[in-house]
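Coordinate analysis (summary)
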Amino acid sequence: MIFYFSGTGNSRWAARQIAALTGDEAVDIVGMNQAPDLAGQGQVGLVFPVYAWGAPEPVLAFAKGLRTGGAFTFAVCTCGEEAGNATKKLAKFFPLDSSYSLVMPNNYLLGKADVDSESAALAKLDAARAAIERLAGEVARRERVYRVEEGSMAALKSGVINWGFNRFARTVKPFHTTDACIGCGLCARDCPAKVIAMKDGRPVWSDGCFQCLRCINACPAAAIQYGGDTAGKGRYTLEGLLKEQK
């Protein structure tokens with residue numbers, strides 16, 4: 001069984017691709033109230049995006065409750081470029097036989113970052129397909145592989161910087177909407193952290209945000225902003241990219 005957490009669709013797509021190639025099932029961990037019974041499973045995989053060179057909070061919490069019963073275990077972390085020690089830190093809670101990083105189109109809009117151009121995003125997606133075919137074969141053959149692009153100063157990034165991200169950078173105070181908001185409620189409905197509520201036709205955020213940025217990227221009116229960081233920048237979801245490709 002392959003479990004995934006996804007903000008804007010990258011990890012969901014990757015998990016489903018791997019599942020299709022290995023004859024497995026991809027399951028979203030959002031909304032799961034308890035760890036599933038994995039008795040009889042030949043393999044157990046986790047697919048997730050990298051946030052500040054670490055696994056997202058819900059992925060770590062979910063992994064701590066998993067009991068694999070001797071199944072072959074693997075993790076695939078999706079990232080814009082490098083993953084740091086994200087899978088090594090995850091392995092402290094969920095021992096891994098194999099670990100991979102998978103470069104996918106960028107969806108991070110804070111600071112100086114912006115989404116990739118359509119051509120760059122499609123090129124990354126093509127490369128990801130080839131990488132998934134390779135890793136799916138290795139998983140099917142139960143090969144022990146560590147193919148993670150850690151980048152420079154991985155310990156620092158996945159340690160101090162990741163701690164700072166989780167401690168200080170996940171504030172919801174900068175979230176706001178512009179007059180372009182149409183009050184559709186999509187952001188509240190689809191928030192994986194369930195921290196968005198609609199009030200007087202507008203979204204309001206409460207503490208506990210994962211910083212997946214799904215609300216910003218998936219807003220059909222591009223009305224959600226985060227301070228001054230996201231104004232004038234592009235928006236990205238994998239579903240939107242694939243629609244444009246068609």
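The text that follows walks through the structure, step by step, so that each part is easy to find. (Residues numbered from 1 in each chain as written. Predicted model: local features only at pLDDT ≥ 70, side-chain atom pairs only at ≥ 80, totals over all residues. Heavy atoms only, no water.)

With that settled, the discussion passes to the packing of helix α4 (residues 118–140) against helix α8 (residues 238–245). Axis separation between α4 and α8 bottoms out at 11 Å; the angle between their running directions is 105°. Classified by the interaxial angle, the pair formed by α4 and α8 is roughly perpendicular. On the side of α4, the interface is formed by Glu-118, Ala-121, Leu-122, Leu-125 and Arg-129, while α8 contributes Leu-238, Leu-241, Leu-242, Glu-244 and Gln-245. (Axes fitted to C-alpha atoms, helices over the stretch in contact; angles between N-to-C directions. Helix = DSSP H or I, 4+ residues; strand = E, 2+ residues; numbered from the N terminus. Parallel < 35°, antiparallel > 145°, perpendicular 65-115°, else oblique. Contact = heavy atoms within 4.5 Å.)

Another point: helix α5 (residues 154–169). Across its 16 residues, α5 extends only 19 Å between first and last C-alpha, which sits more than 12% below the 22 Å expected from 1.5 Å per residue. Where α5 bends most, at Ile-161, the angle is about 30°. Within the sequence span of α5, burial applies to Ala-154, Lys-157, Ser-158, Asn-162, Gly-164 and Phe-165. Here the buried face of α5 lies against α3 (86–90). (Expected span 1.5 Å × (residues − 1). Bend = angle between axes of the 7 residues up to and from the residue. Buried < 20%, exposed > 50% of the residue type's maximum accessible area, 1.4 Å probe, protein only.)

On to the state of the cysteines. Throughout this description, disulfide means a covalent bond between two cysteine sulfur atoms. All told, the structure shown has zero disulfides when counted by the stated rule. Cys-181 carries a free sulfur, and the closest cysteine sulfur to it, the one in Cys-219, is 6.5 Å from it. Here Cys-184 is not disulfide-linked; the sulfur of Cys-219 is the nearest cysteine sulfur, at 6.1 Å. Residue class for Cys-184 comes out partly exposed when judged on its relative accessible area of 46%. (Disulfide = S-S within 2.5 Å.)

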